[in-house]
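Coordinate inspection notes
Below are the chains, spelled out letter by letter.
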Amino acid sequence: MKWIFLPALLCATAVTLAAAEPVPTEVTVRVIARDAKAIYEAVGGAWVTITDLRTGEVLAAGAHNGKSSGSTQKIMIEPRKRGEIVFDTPGAASFTATIPLREPAVVEIAAEGPVGHPQARRSASKTLLLLPGEHLTGDGVVLEIHGLIVTVDPPKGDGATVAVEAGVMMACGCPIEPDGLWNANEFKVTARLLDAGGEALISGPLQWEGGRWRATFPRPQAAPAAVEVVAGHTPTANFGLHRLELK
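Residues numbered from 1 in each chain as written. Predicted model: local features only at pLDDT ≥ 70, side-chain atom pairs only at ≥ 80, totals over all residues. Heavy atoms only, no water.

Let us now look at the overall build of the protein chain. On a plain count of helices and strands, the protein chain comes out with 2 helices and 15 strands. In terms of overall dimensions, the protein chain is more spread out than a globule: its C-alpha atoms have a radius of gyration of 25 Å, far above the 18 Å expected for 247 residues. In terms of overall dimensions, the protein chain has a C-alpha envelope of 105 × 40 × 25 Å along the principal axes. In the protein chain, of all internal contacts separated by at least 6 residues, the share reaching a separation of at least 24 is 64%. Summing over all exposed atoms, the protein chain offers an accessible surface of approximately 13,300 Å²; the carbon and sulfur share of this is 56%. (Helix = DSSP H or I, 4+ residues; strand = E, 2+ residues; numbered from the N terminus. Rg over C-alpha atoms; globule rule 2.2 N^0.38 Å. Contact = heavy atoms within 4.5 Å. Areas by Shrake-Rupley, 256 points an atom, 1.4 Å probe, with all protein chains shown as cover.)

For the bond from Gly113 to Pro114, the omega torsion is 0 degrees, close enough to zero to count as cis. For Asp179, which is not glycine, the phi dihedral falls at a positive 60 degrees. Relative to the helices and strands, Asp179 resides in the loop between strand S9 (161-170) and strand S10 (188-194). Given a relative accessible area of 66%, Asp179 falls into the exposed group. For Ala237, which is not a glycine, the phi torsion comes out positive at approximately 55 degrees. With respect to the helices and strands, Ala237 occurs in the loop between strand S14 (226-233) and strand S15 (238-245). The exposure class of Ala237 is partly exposed, given its relative accessible area of 36%. (Buried < 20%, exposed > 50% of the residue type's maximum accessible area, 1.4 Å probe, protein only.)

These values are about where atoms sit, not about what they do.
This is the structure we're talking about:
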């Protein structure tokens, strides 16, 4: 009788061994700025981590980078059809990993960026099931990061005034300008001069002027210890802050 079941047993063993072999599975990740384009090398890119939630093992990690933030026409202007490739254009920033999977795995895919601007770094993540051999290519897995990049210059001025100047751009490095695709007229940018205890000595709005945001304030009686600029676009929940300590 045992000979009758031997072929079936051998077949089952072969299937088990085959299932145990890791299957290369390609995963592409696109890290996108909220209401904008891909976070690419001009702003330092982003850092991506793929973690197996059952074991805690980091399956892949690396830089999301590329020479292009993607096609403005495809991402920001053209209507999108279901299933249409939007972010996968030549040179567009991405992160791709080939993961050896022996079995289905629930993973967390997380990204942090823009890496080149620590004051503006934010994160985004999602969980999904990966299946061995089922490649996620093209646009792949899209993660959206909220925020703005704000960079404050040291204030200047004479004995009576203090001039504050800052740069503000989307998290992908895309420009904000009056009547532009990202319209400066829709953004609110304010500055505060702070004392050593963090209390505001003076505050007020900055105005867009020649690619920068500027304002001149009366010089406060006490010497400021820091200058802080906050920028925001409430409809898209995009906000940014930079506090520059003054020596």
